Amino acid sequence: RQEILNTITNMFALMTSAEHIEESSELIDDLGISSMDILTLMSYIEEEFHIQITERSIRKILTVGDIVDLVVKEYK
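Residues numbered from 1 in each chain as written. Predicted model: local features only at pLDDT ≥ 70, side-chain atom pairs only at ≥ 80, totals over all residues. Heavy atoms only, no water.

Draft legend 1. Representation of the side chain of threonine 16 within the structure. By the element assignment, threonine 16 lies in the loop between helix H1 (2-15) and helix H2 (35-49). Discounting chain neighbours no more than four positions away, the residues touching threonine 16 are Ile21, Leu31 and Ile33. (Helix = DSSP H or I, 4+ residues; strand = E, 2+ residues; numbered from the N terminus. Contact = heavy atoms within 4.5 Å.)

Draft legend 2. Structural context of H2. The end-to-end C-alpha distance of H2 is 21 Å, a good match for the 21 Å that 15 residues give at a rise of 1.5 Å each. Where H2 is concerned, the buried positions are Ile38, Leu41, Met42, Ile45 and Phe49. Summarising the axial view, the buried residues of H2 lie within an arc of 105°, below the 170-degree limit, and thus occupy one face. Residues of H2 that are exposed and point more than 90 degrees away from the buried face comprise Met36 and Glu47. Close packing links the buried residues of H2 with H1, helix H3 (55-59) and helix H4 (64-74). (Expected span 1.5 Å × (residues − 1). Buried < 20%, exposed > 50% of the residue type's maximum accessible area, 1.4 Å probe, protein only. Arc of directions from axis to C-beta.)

Draft legend 3. Up close: the pattern of salt bridges. Overall, the coordinates contain three salt bridges when judged by the stated rule. Across the salt bridge formed by glutamate 23 and arginine 1, the nearest N and O atoms sit 2.6 Å from each other. Linking glutamate 23 in the loop between H1 and H2 with arginine 1 in the segment before H1, this pair joins segments that are 22 residues apart in sequence. Judged by its relative accessible area of 29%, glutamate 23 is partly exposed. The class for arginine 1 is partly exposed, based on a relative accessible area of 46%. We note a salt bridge from arginine 59 to glutamate 55, for which the minimum N-O separation is 3.3 Å. Separated by four residues within a single helix, arginine 59 and glutamate 55 lie in helix H3, roughly one turn from each other. Per residue, the accessibility class of arginine 59 equals that of glutamate 55, and both read exposed. When salt bridges with common partners are traced through the structure, they connect Arg1, Glu23 and Asp69 into a single cluster. (Salt bridge = Lys/Arg side-chain N within 4 Å of Asp/Glu carboxyl O.)

Structure (structure tokens):
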């Protein structure tokens, strides 16, 4: 789980100027990530972890932790 979190936080570091990125960080409110950036990020995550993320799953994502949970679930 920690390795997945580190990979995702590194991706976010390229997209935001936020100093601290934690599992509880909200994508839009805390990190200032736009909905378009979220879609781009999901594409990167799909490629990085060789998983498929449904549109329905993307709509449920609010925090960095939600993304980690989704990857952990799908990346078996």
